[in-house]
Every structure is written in structure tokens, then in C-alpha cells.
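Listed here are the chains, written in short residue letters.
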Amino acid sequence: MHNFASALAKAKAGTILDRQAIGALLAAGPEESQELFNAANQIRHDHVGDKVHLRAIIEFSNYCRKNCLYCGLRRDNHSIQRYRLTEREILNAVKTARELGFRTVVLQSGEDLYYDAPTIARLVETIKKRHDLAVTLSLGERGRDDYRDWREAGADRYLLKQETADEHLFSIIKPDGSLQQRVQCLRWLKDLGYQTGSGNMVGLPGQSLATLAEDISLMRELDVEMAGIGPFLPHHATPLKAAASGDLVLTLKTLAVTRLCLPQAHLPATTSLCTLTPDGRKLALNCGANVIMPNLTPAGVRDKYLIYPQKADIIEQPEAALKSIQALLAELSRPLAQDYGHAKKTPGRSF
Ligand code: SAM
Ligand code: SF4
């Protein structure tokens, strides 16, 4: 049996927390929550420092072969206009990101097999040849050979959120797949030497604190280098349209506990959190986050990558986003990182 105080003391001492202790932290009451956020902020400072890393995200296709119940890009949503960027358009967006000073680009899309493995490999190779940039891919579930080819082409990182570690809930919200296969992909990615990112959505219908504790345990077990923690936000053209949005405080608590359990990880202030509340970035940076991912998708298509409504980064132009980030970081006395922001090397690993 754990109570909040003993679980927090253990976390501060660096003891590995079991699911019950993680659950006790997630159940923090209003005053305890502030204590939890302060502890996560301190652990973030001690393990990854004060610098904040920027990653430019380029959402290059909103076609998707999957039908995830929560996502506006699901294949059965016929109310959105689909788009695909050409290789040239993607490379132009990458060039803009580099000119604005980014050191990482994240290429993200729905699961769109139009971009076959050689096309993605060529794209990665061209980016690495032309620009001094780290490349993160986030293209969903593919075969091990595809992941291997992209890694060999130079891709540094891969984001593939587990979404939920509850097998039953997973099978409902992602009817085309299984948690087992998703985790298999994450293991392949780790094995191939990618810096690997997972993450979850907080507030999915049917989720409990025990599920969230399971999420954090799974990310620790997988030893992920990155974790995206954001609220679930209902999209009007999905089967989950009537569900409530994830709770702000519970999302922040989940982020903070993830920081306590994965002290070295890179944790973004997620766009979904910034959509839920305008001061999402600041709140996240104060309870464990150390990464911001501005949107560099070309303006002409950006509003079509609508995974949930009112996505915070749809209107803001990259230059304006950078200005407001700089102002926020100055206010928080957090310097902007100038390096690639690679994950700290786990002993014995190859990258
Ligand atoms: N298709 C790839 C995949 O699913 O891994 C990458 C793109 S997908 C749009 C990126 C992330 O968007 C997902 O991992 C999911 O967590 C998030 N997402 C989608 N719909 C969402 C919603 N309604 N609320 C919050 N996050 C959502
Ligand atoms: Fe497709 Fe990813 Fe959205 Fe699922 S979450 S529908 S895989 S884009």
C-alpha cells in the first residue's frame, strides 16, 4: 500500500516505482499535485538540464489506412480534404526549418503507403546530405525491414505512441491493430538503434488511473528516450465525438510522473495540451517537459492535418511561434538548446 508522500520520497531517491506507487502519485490531490510538479521540475533540471529543445514538425500527408476511433485522419472520415506533399515540397519545408535554426525535423503522416520505403529512405538521405539536421520519423506501424532501411538511410529517431497500455482499450480505439504489434514495432525500433519515442493520451473513455500507471510502466520497461503525454481531444467526425476531453490536471500529473520514472527522457509540451489550454506550454515546461515541437507544415495544407479540432498550431506562423517561444523561455529562464538534442546514450547502446 502506498500513499502519496512515501511514493514521492521514493521517486526523489531514485527508487524504481511499482505500479501502485505510480498510481498513488497520479492520485495526488490539489496540494500534493503542486509538490509533484515541483519534484518533476527538479528531476528534469538535475537529469536533462534547463535547455529546451525545438523540433520542427512537418505533417506531410493526412491520408491514413487506419481507422483509429479518436483521430480525425481515420480512413472513414470522408469530411476532410486529403493532401500529400511532394518530395520537393517536403524538402522545401525542411530547408525553411533549417534556415530558422532548427536542428531536428520530424516527418509525420497518417499511415500512408503511397510513400513506400525507398521514397522515405531517399528523403531521409537527401535531408542528411543537404542539411545538418537530426531526422525523426513518425509514420506509424511498418515492417522491420522498412524501419531498418530508414535507419540505414540516416534516420535518428522514431515516434510511435503506444496510445494506451491497456490491451482491451487498445483493441477498441485502434481496431486495425493490437497492442502486441505496436509494442513489437517499438522493440524493433529500439533494436535498430533509433532513439525511440512512445506516449499516450490522457482521458480516453474507459481509461483509469491504473491504466495510466500501466502506460508509464510500459514506457519505462521499453526504456524509451522520448514520451509524448497529451490529453485526448474529441473530434466531431469520429466515433468518440461525444466523449469528454482529457482533464488538464490529470494530464500534467501524468507528465510529471513520467518525468519521475524516466528522468533522462525528452518530454515535449504536446500540441494537444496547448490546444486544451493556452498556457499549456508553460505548465508543461514547469512539470517535466523539455521539448517544444513548432509546426513547419506549409501553410496551404496545415489546417487539413486536423487530428482534433482547434489544433493550437494551425494558425501560428513559424516565425511568430519562435518569437513567443523565445519570450516564454526568457520568462522561465530556460535557455534554447542549440545542439541536436539527441537522447543521452544508454550504456551499451549504439547511437
Ligand atoms: N499515424 C501515426 C501514428 O498514429 O502513430 C502518426 C500520426 S498520429 C496523427 C500522431 C498522434 O496524434 C497519435 O500518436 C495520437 O496520440 C495523436 N492523436 C490523434 N488523434 C488525437 C486526438 N483526438 N486527441 C489527442 N491526440 C490525438
Ligand atoms: Fe491514422 Fe495515426 Fe490517426 Fe490512427 S492516429 S487514424 S494511424 S493518423
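Definitions and cut-offs
Residues numbered from 1 in each chain as written. Chains lettered and ligands numbered in written order. Predicted model: local features only at pLDDT ≥ 70, side-chain atom pairs only at ≥ 80, totals over all residues. Heavy atoms only, no water. Helix = DSSP H or I, 4+ residues; strand = E, 2+ residues; numbered from the N terminus. Rg over C-alpha atoms; globule rule 2.2 N^0.38 Å. Buried < 20%, exposed > 50% of the residue type's maximum accessible area, 1.4 Å probe, protein only. Contact = heavy atoms within 4.5 Å. Areas by Shrake-Rupley, 256 points an atom, 1.4 Å probe, with all protein chains shown as cover. Lys, Arg positive; Asp, Glu negative; His and termini not counted. Charge placed at Lys NZ, Arg CZ, Asp CG, Glu CD. Pairing = 2+ DSSP bridges. Axes fitted to C-alpha atoms, helices over the stretch in contact; angles between N-to-C directions. UniProt positions renumbered as here; feature names shortened; annotations may be inferred. Near = heavy atom within 4 Å. Nonpolar A, V, L, I, M, F, W, Y, C, P; charged D, E, K, R; others polar. Salt bridge = Lys/Arg side-chain N within 4 Å of Asp/Glu carboxyl O. Polar contact = N/O pair within 3.5 Å; in protein donor to acceptor, adjacent residues only side chain to side chain.

Visitor: Describe the overall build of the protein, listing the residues and the values that go with them.
Guide: Per the secondary structure count, the protein includes 14 helices and 8 strands. In summary, the protein has a C-alpha radius of gyration of 19 Å against a globular reference of 20 Å for 351 residues, a match within 12%. Across its three principal directions, the C-alpha atoms of the protein cover 55 × 40 × 40 Å. Here the protein holds 351 residues, and the buried ones make up 59% of them. Considering only residue pairs separated by 6 or more positions, the protein has 75% of its internal contacts joining residues 24 or more positions apart. Of the roughly 14,400 Å² of accessible surface on the protein, a fraction of 51% belongs to carbon and sulfur atoms. Positive and negative side-chain charges of the protein, numbering 44 and 40 respectively, have mean locations separated by a distance of 3 Å.

Visitor: Would you mind going over the sheet that holds strand S7 (residues 226-231) in detail, with residue names and values included?
Guide: Spatial strand order, S2-S3-S4-S5-S6-S7: 6 strands in an open sheet with parallel pairing. Looking at which strands have only one partner, the edges of the open sheet turn out to be strand S2 (56-61) and S7. Going across the sheet, the axis of each strand differs from the next one's by a mean of 20°, ignoring polarity. Bridge count for strand S4 (residues 134-138) against strand S5 (residues 157-159) is 2 bridges, and the pairing is parallel. Note that in S5 the partner of Leu-137 across the bridge is Tyr-158. The sheet strands contacting helix H5 (residues 117-130) are S2, strand S3 (104-109) and S4, and the helix crosses S4 at an angle near 160°. Running at roughly 180° to strand S6 (residues 195-202), helix H9 (residues 209-222) makes contact with S6 and S7 of the sheet.

Visitor: Account for the UniProt feature "binding site: [4Fe-4S] cluster" (unreviewed entry) in the protein, with residues named and values stated.
Guide: Those places that UniProt annotates as "binding site: [4Fe-4S] cluster" (unreviewed entry) correspond, in this numbering, to Cys-64, Cys-68 and Cys-71. With respect to the secondary-structure elements, Cys-64 resides in the loop between S2 and helix H4 (87-99). When you line up the elements, Cys-68 lands in the loop between S2 and H4. Judged by relative accessible area, which is 9%, Cys-68 ranks as buried. Setting aside its immediate chain neighbours within four residues, Cys-68 contacts Arg-74, Ile-173, Lys-174, Pro-175 and Asp-176.

Visitor: So what's going on with the site of ligand 2? Residues and values would help.
Guide: Around ligand 2, the surrounding shell consists of Cys-64, Lys-66, Cys-68, Tyr-70, Cys-71, Leu-73, Arg-74, Gly-110 and Lys-174. Split into classes, the residues belonging to the shell around ligand 2 amount to 5 nonpolar, 1 polar and 3 charged.

Visitor: Requested: an account of the pattern of salt bridges, with residues and values cited.
Guide: Counting across every chain of the model gives 24 salt bridges. For the salt bridge of Asp-145 with Arg-148, the shortest nitrogen-to-oxygen distance reads 3.4 Å. Of this pair, Asp-145 and Arg-148 both sit in helix H6 (residues 144-153), 3 residues apart, roughly one helical turn. Residue class for Asp-145 comes out partly exposed when judged on its relative accessible area of 43%.

Visitor: Report on the site of ligand 1, specifying residues and quantitative values.
Guide: Close to ligand 1 lie 17 residues; Tyr-70, Ser-109, Glu-163, Arg-182 and Leu-233 are nearest. The backbone of Tyr-70 places a nitrogen or oxygen atom 2.9 Å from a nitrogen atom of ligand 1. Residue Leu-233 places a main-chain N or O atom 2.7 Å away from a nitrogen atom belonging to ligand 1. Within the complex, the protein chains bury 93% of what would otherwise be the 560 Å² of accessible surface of ligand 1. Residues of the shell around ligand 1, tallied by class, amount to 9 nonpolar, 5 polar and 3 charged.

Visitor: Summarise unusual backbone geometry; cite the residues concerned and give the values.
Guide: One non-glycine residue, Glu-163, adopts positive backbone phi at about 70°. Residue placement: Glu-163 occurs in the loop between S5 and helix H7 (167-173). With phi around 55°, Asp-223 is a residue other than glycine that occupies positive phi space. Accessibility expressed as a relative area gives 34% for Asp-223, which makes it partly exposed.

Visitor: Can you break down the UniProt feature "binding site: S-adenosyl-L-methionine" (unreviewed entry) in the protein residue by residue, with the values?
Guide: The sites that carry the UniProt feature "binding site: S-adenosyl-L-methionine" (unreviewed entry) are, in the present numbering, Glu-163, Arg-182 and Leu-233. Those residues within four positions of Glu-163 in sequence are excluded, and the remaining contacts are Tyr-70, Ile-173, Lys-174, Arg-182, Gly-199, Asn-200, Met-201, Leu-204 and Asp-215. Within the secondary structure layout, Arg-182 lies in helix H8 (residues 179-191). Arg-182 has contacts with Glu-111, Glu-141, Leu-160, Lys-161, Gln-162, Glu-163, Phe-170 and Lys-174, leaving out every residue within four places of it along the chain. A polar atom in the side chain of Arg-182 sits 2.9 Å from the side chain of Glu-141.

Visitor: Lay out the environment of Leu-133 with the relevant residues and their values.
Guide: Structurally, Leu-133 can be placed in the loop between H5 and S4. Each C-alpha atom, one on Leu-133 and one on Tyr-340, is 7.2 Å from the other, the two residues being 207 residues apart in sequence. Apart from the residues within four sequence positions on either side, Leu-133 is in contact with Val-94, Arg-98, Phe-102, Arg-103, Thr-104, Val-105, Ile-127, Lys-128, Asp-156 and Tyr-340.

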